[in-house]
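Descriptive analysis of the structure
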Amino acid sequence: MATPDKFTPDHAVVDKTSPSSDEGIPAGALKKITKVSSTVTVLVSGLALFSDGYNAQIIGYMNPLFSELYKEGMSSTIKTRLSNSYLIGEIFGMLFFGFLIDKIGRRTGIVFATLFLVLGVIIATAAHGTTQLGMFWMMIVGRGIAGFGAGGEYPTCGTGSAEASDESQYVRRRRGILVAMATDFSIDLGFVVAGIVALIVLAAYNERTSSGVWRVCFGLGFVLPVTLFFFRIRMIESSQYRKHAMKKSFPYLLIIKRYWKPMLGTSLAWFMYDFVTYPFGIFSSTIISSLNPQDTLVQNIGYGTVVNCFYLPGCIVGGFLMDWIGRKQTMTLGFVCWAVMGFIIGGALGPIQTITPLFLILYGIFNAFGEMGPGVATFLCGAESFPTPIRGHFLGLAAAVGKAGAAIGVFLIGAAFALTGGLISWLLIPDRERDLESEDARFRAYLESAGYSGEFGESLEKEIKTTAFKV
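Quick look at the structure, then. Please read all numbers here as calculations on a predicted model, not as lab measurements.

Side note on the side chain of Glu163
Summarising the element assignment, Glu163 is placed in helix H5 (residues 132-164). Among the polar contacts listed, one links the side chain of Glu163 to the side chain of Arg106, at a separation of 2.6 Å. Sequence-distant contacts of Glu163, defined by excluding residues within four places in its chain, comprise Arg106, Ser238, Gln240, Tyr241, Thr388 and Arg391.

Describing the packing of aromatic side chains
The full count for this structure, using the stated rule, is 24 aromatic pairs. Ring geometry for Phe97 versus Phe116: centroids 6.4 Å apart, planes at 75 degrees, classification edge-to-face. With Phe97 in helix H3 (residues 76-103) and Phe116 in helix H4 (residues 106-125), this pair connects stretches of sequence that are 19 residues apart. Given a relative accessible area of 0%, Phe97 falls into the buried group. The partly exposed category is assigned to Phe116, whose relative accessible area is 31%.

A short note on unusual backbone geometry
The phi dihedral of Asn206 is positive, around 55 degrees, even though this residue is not glycine. On the secondary structure map, Asn206 appears in the loop between helix H8 (184-204) and helix H9 (211-219). The phi angle at Glu207 is positive, at roughly 60 degrees, despite the residue not being glycine. Relative to the helices and strands, Glu207 is located in the loop between H8 and H9. Judged by its relative accessible area of 55%, Glu207 is exposed.

Notes on helix H13 (residues 297-309)
In this model, H13 (13 residues) spans 18 Å end to end at C-alpha, consistent with the 18 Å of a helix rising 1.5 Å per residue. Within H13 the residues assigned to the buried category are Ile301, Gly304, Thr305, Val307 and Asn308. Mapping the buried residues of H13 onto a view down its axis gives an arc of 160 degrees, with all of them on the same face.

Quick look at the side chain of Ser85
Looking at the element boundaries, Ser85 is found in helix H3. In this structure the side chain of Ser85 is engaged in a polar contact, spanning 3.1 Å, whose partner is the backbone oxygen of Leu82. Leave out the neighbours within four places in its chain, and Ser85 touches Ile140, Arg143 and Gly144.

Let's talk about the pattern of salt bridges
Counted under the stated rule, the structure contains seven salt bridges. Between Arg106 and Asp102 there is a salt bridge whose closest N-O contact spans 2.6 Å. Each member of the pair, Arg106 together with Asp102, is buried. Each of Asp102, Arg106, Glu163 and Arg391 takes part in a single network of salt bridges with overlapping partners.

As for the nonpolar core
Formed by 28 residues in total, the largest nonpolar core has its most connected members in Tyr154, Ile187, Trp270 and Phe366. Breaking this core down by element, the ones donating at least two residues are helix H2 (27-69), H3, H5, H8, helix H12 (252-290), helix H15 (327-347), helix H17 (356-384) and helix H18 (391-428). Per element, the largest residue contribution to this core is six residues, and it comes from H17. Those residues within four positions of Tyr154 in sequence are excluded, and the remaining contacts are Leu49, Glu90, Met94, Ile187, Trp270, Phe379, Leu395, Ala399 and Lys403. In this structure, Ile78, Ala124, Ala127 and Ala194 belong to the second largest nonpolar core, which totals 27 residues.

The rules behind the values
Residues numbered from 1 in each chain as written. Predicted model: local features only at pLDDT ≥ 70, side-chain atom pairs only at ≥ 80, totals over all residues. Heavy atoms only, no water. Helix = DSSP H or I, 4+ residues; strand = E, 2+ residues; numbered from the N terminus. Polar contact = N/O pair within 3.5 Å; in protein donor to acceptor, adjacent residues only side chain to side chain. Contact = heavy atoms within 4.5 Å. Phe/Tyr/Trp six-rings, centres within 6.5 Å; stacked < 30°, edge-to-face > 60°. Buried < 20%, exposed > 50% of the residue type's maximum accessible area, 1.4 Å probe, protein only. Expected span 1.5 Å × (residues − 1). Arc of directions from axis to C-beta. Salt bridge = Lys/Arg side-chain N within 4 Å of Asp/Glu carboxyl O. Core = buried A, V, L, I, M, F, W, Y, C linked by side-chain atoms within 4.5 Å.

Below, the structure written as structure tokens:
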């Protein structure tokens, strides 16, 4: 229960927009429409973010195919740009649609986010060019557009599912698990299904590397968003948005003055979560390939899918914990358990890696702790920490800051280790004279001052007698 402050009203806020906008609609009919729309919103939000998870993950499974099929065009630079284009598109989409859904409505934002996602997936799937490099650049552009639409899904689905689960006291008490299932669980399920689909398509091609493999896998990514589009255009705005929307102007200075602390908290928490989880996602293929001596594509995808499956129970447990002990309590617990598990694995990595099932289980539990806390709580904390008129702004901002952490996490980790190495070398390594005699003399003086009276040196005459030198 939040502690009331001096701005807490002593009466219920009256919905001043309903009498004019809902005139002529019977109360019973309006209640039924709202209930159905809220249910559809939660379900569609989950399916939409599932689609985003699939589209984000499938590129990682296709990169090895690209390297084999297109040796002239596929370079380390192109591989990086293929991965980053979707991520950078997401950042811009989160910021843009976060503002848009507060300004002109959740429903409008959802529709346009879906259109961008579908357009980008189609462009990437149909990518061609007179050269392999040209084809990859078309794919990069398509992935960027799809990322822009997928980024818009984060604030639209996050705010939509949170507000839809506020329509009744019964549902409100279960908002934690509902939002967890409609957001992070759905994204992670998309990761898992991406691996399963990739394995099925590869099996259909008899594990042959063919352009048809990646085109089918990419193309399946727009089936669900197109289907969901027809449901989304029939949705209505949430009761909270219809009651509190500020469509004309936003007093940003007053908003920041009041909400700077939760803005900082939700953004930095999401940054820290993505800062850790995305580099591990990048390195996981390297980690898994070390357990796979044959290093086959099917085995790597299979192992990766198994590890991703551990995300799902973490999301479910975190959803129930948010309703039981609280949102930020769950996030804090998840961060702590995540850190403890990381120390355990890191401290015994050598012997653990020799037992493949044990390593996969421990590594999976490590990932599950990340989803149990910050994975599920970032969405709900970002939605509940701010009022309805600016909820999209700040949820989109927090998600964008998180993705920025994902984009720079690998480099910052490398920079942090490099800086640590510099400090270690400066503080712990002595700056000696060029001649070795100086330190030898100091060492002998040190030993003598401590009472040591042993012998030093060796006779050259005796040494020569054991060699081929003649005096």
